[in-house]
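# A closer look at the structure
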Amino acid sequence: MSECASSFQMMSFARGDLGRSATQAIDAHIETCQTCAAAIAESDVHERLVEALRESEASRCDNENAVAMFEAARAAILAALLDRS
Ligand SMILES: [Zn+2]
């Protein structure tokens, strides 16, 4: 991959949702592109990712238990991010 990945691709990459070949392509690109490497490394990316996940989850699911579980997962992710920094 010679071009930068889209933000959607980056989010999918960060989530681990991309297929193996696409993940490898972005991996290879990140090694040669400081811009994308910095974007992935920034915790801000993770925060926006979590927000996007939360929105998609909330709009897709009316089940309150599922939403509550997602909130708990989100809190755990944020706690882990804060621990690291
Ligand atoms: Zn790039």
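Computed from a prediction, not measured in an experiment: that's the story for all the values here.

### What about the overall build of the protein chain?
Looking only at helices and strands, one finds five helices and zero strands in the protein chain. Mapped from its N terminus to its C terminus, the protein chain presents α and β elements in the order α-α-α-α-α. Scored against the burial criterion, the 85 residues of the protein chain give a buried share of 6%. The long-range share in the protein chain, meaning contacts at least 24 apart out of those at least 6 apart in sequence, stands at 58%.

### Here's the deal with the nonpolar core
Listed in full, the five residues of the largest apolar core are Ala5, Met10, Phe13, Ile26 and Ile30. Elements represented by at least two residues in this core include exactly helix H1 (7-15) and helix H2 (20-32). Once residues lying within four places of it in the same chain are set aside, the contact partners of Ile30 are Cys36, Ala37 and Ile40.

### Here we look at the environment of Thr35
Checked against the element boundaries, Thr35 lands in helix H3 (residues 34-41). Sequence spacing of Thr35 and Cys4 is 31 residues, and the spatial spacing of their C-alpha atoms is 8.5 Å.

Here is what the cut-offs are and how they apply
Residues numbered from 1 in each chain as written. Predicted model: local features only at pLDDT ≥ 70, side-chain atom pairs only at ≥ 80, totals over all residues. Helix = DSSP H or I, 4+ residues; strand = E, 2+ residues; numbered from the N terminus. Buried ≥ 20, exposed ≤ 12 C-beta atoms within 10 Å, placed from the backbone. Contact = placed C-beta atoms within 7 Å. Core = buried A, V, L, I, M, F, W, Y, C linked by C-beta atoms within 7 Å.

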